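Here's the letter readout for the chains.
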Amino acid sequence: MGERKMGQAAGKANRAASEAASASRSPALRVLARTGFVFIGLVHILIGFIALQIDRGQGGRADQSGAIGSLASKPGGPLLLWAGFAACAALALWMLSEAFFEWRSEPEPKKKLGKAGAAAGKAVVFGFLAFTFAVFGAGGSKNSSQSASDFTAKLMGAPAGAVLLIAVGLAIIAAGGFYVYRGVTRKFMEDLQDPGRARTAVEWLGTIGYAAKGVVLAVVGILIIVATATADPSKSSGLDGGLKTLGSQPYGVFLLAAVAAGLMCYGVYSMARGRYGKF
């Protein structure tokens, strides 16, 4: 009798989860989720623009918080920020439902874990971006570089924290390599429906954009490892620090300009993904 009740309870829980996942894939949410990629594109274009300003010796934070903060100061900025929050939150919710469906529909355990895990990871990234939009929309502010340094400092003081930080750094470097791989091989086109006449332009934008973002992520991962090795948390300064590190290298002016342009290409590709992405 107890087993029957447990089975019924499990069945009800599964049905509730299925209904929630189906509701999260409504046509209205689909449109809003597509708009999320437009805002992601806008953020990357602004990051690239700020990086170009840094390249010319001007100030600014070339990261998500710097880009979103620049929107807040524009006419209609608060409205735009809350629209960004809604769109990115919808995209995060969509990716959560994607993780659920992949887990339920994929028969092979390894593929199931990989696909569901990838979708869940994207949901976390998009959810964090939505949170950043909300912070600035509510009149607050956020310093991503300082947050990265504080996070590194806290982990350094924890048992086995150094080992964990090195693992995090290596994982980010691997993620950067994966972005470069997806760009060079144009695997990112699998995320899109046929763009038609825009295909060549989208392919080139994605190739350059993914490669540029991969390079920056790899530098961010290296900075985490350097910060750990030197016991100096300030060296782990996130995306902004990664871009400024590129700019400080020999021929850094040209390198930073190229990466900044690449990030802007990634932004335009993301906007195209809002139009042609598979939803």
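What you see is a predicted model; the values in this text were computed from it and never measured.

Enquirer: So what exactly am I meant to see when it comes to the overall build of the protein chain here?
Expert: Of the regular secondary structure elements, the protein chain holds 10 helices and zero strands. The N-to-C order of helical and strand elements in the protein chain reads α-α-α-α-α-α-α-α-α-α. Of the roughly 14300 Å² that the protein chain leaves accessible, carbon and sulfur atoms contribute 67%.

Enquirer: I keep staring at the side chain of Lys213 and nothing clicks. Help me out?
Expert: Residue position: Lys213 is located in helix α8 (residues 199–230). Despite its burial, Lys213 pairs with no opposite charge; the closest candidate is Asp191, at 12 Å N-O. Among residues more than four places away in sequence, those in contact with Lys213 are His44, Tyr179, Leu263 and Tyr266.

Enquirer: Teacher, can you tell me more about the packing of α8 against helix α10 (residues 252–276) here?
Expert: A pair of packed helices is characterised by two quantities: the angle between their axes and the separation of those axes. For the pair α8 and α10, the least separation of the axes is 7 Å and the interaxial angle reads 125 degrees. Taken as axis vectors, α8 and α10 run oblique relative to one another. Two packed elements cross with a definite hand, and for α8 against α10 that hand is left-handed. Every residue of α10 that contacts α8 at Val202, Leu205, Gly206, Ile208, Gly209, Tyr210, Ala212, Lys213, Val215 and Val216 is listed here: Val259, Gly262, Leu263, Cys265, Tyr266, Val268, Tyr269, Ala272 and Arg273. Classifying every residue of the contact of α8 with α10 gives 14 nonpolar, three polar and two charged.

Enquirer: Teacher, can you tell me more about the pattern of salt bridges here?
Expert: Should their charged atoms come close, side chains of opposite charge can pair. According to the stated counting rule, one finds seven salt bridges in the structure shown. Between Glu190 and Lys187 there is a salt bridge; the shortest N-O distance is 3.8 Å. Residue classification places Lys187 among the partly exposed positions, given a relative accessible area of 33%. As a salt-bridge pair, Arg199 and Asp194 come within 3.9 Å of each other at their nearest N and O atoms. Under the relative-accessibility criterion, Arg199 is labelled partly exposed at 35%. On the basis of relative accessible area, Asp194 is assigned to the exposed category, the value being 60%.

Enquirer: What is the right way to look at the packing of aromatic side chains in this model?
Expert: Applying the stated criterion across every chain, the model contains 12 aromatic pairs. Their ring planes at 70 degrees and their centres at 5.3 Å tell us that Tyr210 and Tyr266 sit as a pair that is edge-to-face. With Tyr210 in helix α8 and Tyr266 in helix α10, this residue pair connects regions lying 56 residues apart in the sequence. The class for Tyr266 is buried, based on a relative accessible area of 7%. Aromatic ring contacts, followed pair by pair, group Tyr179, Phe188, Tyr210, Tyr266 and Tyr269 into a single cluster. Arg186 extends its terminal NZ or CZ atom over the ring of Trp204, reaching a point 4.8 Å from the ring centre.

Enquirer: Could you clarify how one ought to interpret unusual backbone geometry in this entry?
Expert: Across the chain, the bulk of peptide bonds are trans and the bulk of non-glycine residues have phi less than zero. Its identity is not glycine, yet Ala231 carries a phi of approximately 55 degrees, on the positive side. With respect to the secondary-structure elements, Ala231 resides in the loop between α8 and α9 (238–247). Not every positive phi belongs to a glycine, and Tyr251 is a case in point at roughly 60 degrees. Here Tyr251 lies in the loop between α9 and α10.

Enquirer: Would you mind going over the nonpolar core with me for this structure?
Expert: Most often, soluble globular proteins keep nonpolar side chains buried together rather than apart. Counting residues in hydrophobic clusters, the biggest one holds 37 residues, and the most contacted among them are Phe133 and Leu243. If you list the elements that add at least two residues to this core, you get α2 (27–55), α3 (64–72), α4 (77–105), α5 (109–137), α8, α9 and α10. Looking at which element gives the most residues to this core, the answer is α2, with 10 residues. Residues within four places of Leu243 in sequence aside, it is in contact with Ile47, Ala51, Ala62, Val216, Leu256, Val259 and Leu263.

Enquirer: Help me understand the side chain of Glu203, please; the structure alone is not making it clear to me.
Expert: Mapping Glu203 onto the fold places it in helix α8. Excluding residues within four positions of it along the chain, Glu203 makes contact with Arg186, Phe188 and Met189.

Quick notes on the rules
- Residues numbered from 1 in each chain as written.
- Predicted model: local features only at pLDDT ≥ 70, side-chain atom pairs only at ≥ 80, totals over all residues.
- Heavy atoms only, no water.
- Helix = DSSP H or I, 4+ residues; strand = E, 2+ residues; numbered from the N terminus.
- Areas by Shrake-Rupley, 256 points an atom, 1.4 Å probe, with all protein chains shown as cover.
- Buried < 20%, exposed > 50% of the residue type's maximum accessible area, 1.4 Å probe, protein only.
- Lys, Arg positive; Asp, Glu negative; His and termini not counted.
- Salt bridge = Lys/Arg side-chain N within 4 Å of Asp/Glu carboxyl O.
- Contact = heavy atoms within 4.5 Å.
- Axes fitted to C-alpha atoms, helices over the stretch in contact; angles between N-to-C directions.
- Parallel < 35°, antiparallel > 145°, perpendicular 65-115°, else oblique.
- Left-handed = near helix turned anticlockwise from the far one by under 90°.
- Nonpolar A, V, L, I, M, F, W, Y, C, P; charged D, E, K, R; others polar.
- Phe/Tyr/Trp six-rings, centres within 6.5 Å; stacked < 30°, edge-to-face > 60°.
- Lys NZ or Arg CZ within 6 Å of the ring centre and 35° of its normal.
- Core = buried A, V, L, I, M, F, W, Y, C linked by side-chain atoms within 4.5 Å.

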